[in-house]
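An overview of the molecular structure
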Amino acid sequence: MRLFRRSDEEGTSPEEAQAAPAPGERPLFAKLLILLALAAYAVAFVLENRKQVKVHFVLGGSRVSLIWLILLSLALGVLGGVLLSQFYRRRHRRH
């Protein structure tokens, strides 16, 4: 039976220290859960989009996995966005 409260400077007992997580553990645990969820989503995304599709180009065609078509479109979009932002910055820097 404890008659007096302990102050924070005196520390806690080993049982109390095990019960409460350290201040840095919760954000780390949350980050690990988010990383695990993203990895599971990426695996599910690849498995759902692995069927073959026919792609028609101007001079020919090809059969590729849908996931590669999605990733190619994403890469082309990012590259186009970066190039357009560079042109925009150059045009506005002169004025």
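Residues numbered from 1 in each chain as written. Predicted model: local features only at pLDDT ≥ 70, side-chain atom pairs only at ≥ 80, totals over all residues. Heavy atoms only, no water.

**Section: the overall build of the chain**
A tally of regular secondary structure across the chain gives 3 helices and 2 strands. Ordered by position from N to C terminus, the α and β elements of the chain give α-α-β-β-α. A buried classification covers 7% of the 95 residues belonging to the chain. Put simply, the chain shows about 9300 Å² of open surface, and 65% of that area lies on carbon and sulfur atoms. (Helix = DSSP H or I, 4+ residues; strand = E, 2+ residues; numbered from the N terminus. Buried < 20%, exposed > 50% of the residue type's maximum accessible area, 1.4 Å probe, protein only. Areas by Shrake-Rupley, 256 points an atom, 1.4 Å probe, with all protein chains shown as cover.)

**Thoughts on the pairing of strand E2 (residues 61–65)**
Regular strands have side chains that alternate between both faces of the sheet. Looking at chain direction, strand E1 (residues 52–56) and E2 are connected through 5 bridges and run antiparallel. Looking at E2, one finds that His 56 is bridged to Gly 61. Counting the residues that bridge the hairpin from E1 to E2 gives 4 residues. (Pairing = 2+ DSSP bridges.)

**So, the packing of aromatic side chains**
Enumeration according to the criterion identifies 1 aromatic pair in this entry. An angle of 25 degrees between the planes, with centres 6.3 Å apart, marks the rings of Tyr 41 and Phe 45 as stacked. Note that Tyr 41 and Phe 45 are positioned in helix H2 (residues 25–48) at a spacing of 4 residues, about one turn of the helix. Looking at Phe 45, the relative accessible area reads 29%, which means it is partly exposed. (Phe/Tyr/Trp six-rings, centres within 6.5 Å; stacked < 30°, edge-to-face > 60°.)

**Regarding a nonpolar patch on the surface**
A contiguous nonpolar patch, built from Leu 72, Leu 76, Leu 79, Leu 83, Leu 84 and Phe 87 and spanning about 640 Å² of accessible area, is present on the exposed surface. If you trace the backbone, Phe 87 turns up in helix H3 (residues 66–94). The exposure class of Phe 87 is exposed, given its relative accessible area of 55%. (Patch = residues over 30% accessible without salt bridge, like charges linked within 9 Å, V, L, I, M, F, W, Y side chains within 5 Å. Salt bridge = Lys/Arg side-chain N within 4 Å of Asp/Glu carboxyl O.)

**Here we look at the side chain of Asn 49**
For Asn 49, the position within the fold is in the loop between H2 and E1. For Asn 49, the residues in contact, after removing those within four places along its chain, are Ser 65, Leu 66, Ile 67 and Ile 70. (Contact = heavy atoms within 4.5 Å.)

**Details of the confidence of the model for the chain**
Atomic detail in the predicted coordinates should be set aside for any region of low pLDDT. Of all residues in the chain, 72% have pLDDT values of 70 or greater, and the mean over the chain is 81. Ranking the helices and strands of the chain by mean pLDDT puts E2 first, with 92, and helix H1 (residues 14–19) last, with 57. (pLDDT = per-residue confidence, 0-100.)

**A look at the environment of Lys 51**
Counting through the fold element by element, Lys 51 comes out in the loop between H2 and E1. Residues Lys 51 and Ile 67, spaced 16 residues apart in sequence, show a C-alpha to C-alpha distance of 8.1 Å. Those residues in contact with Lys 51, other than ones at most four positions away along the chain, are Val 64, Ser 65 and Leu 66.

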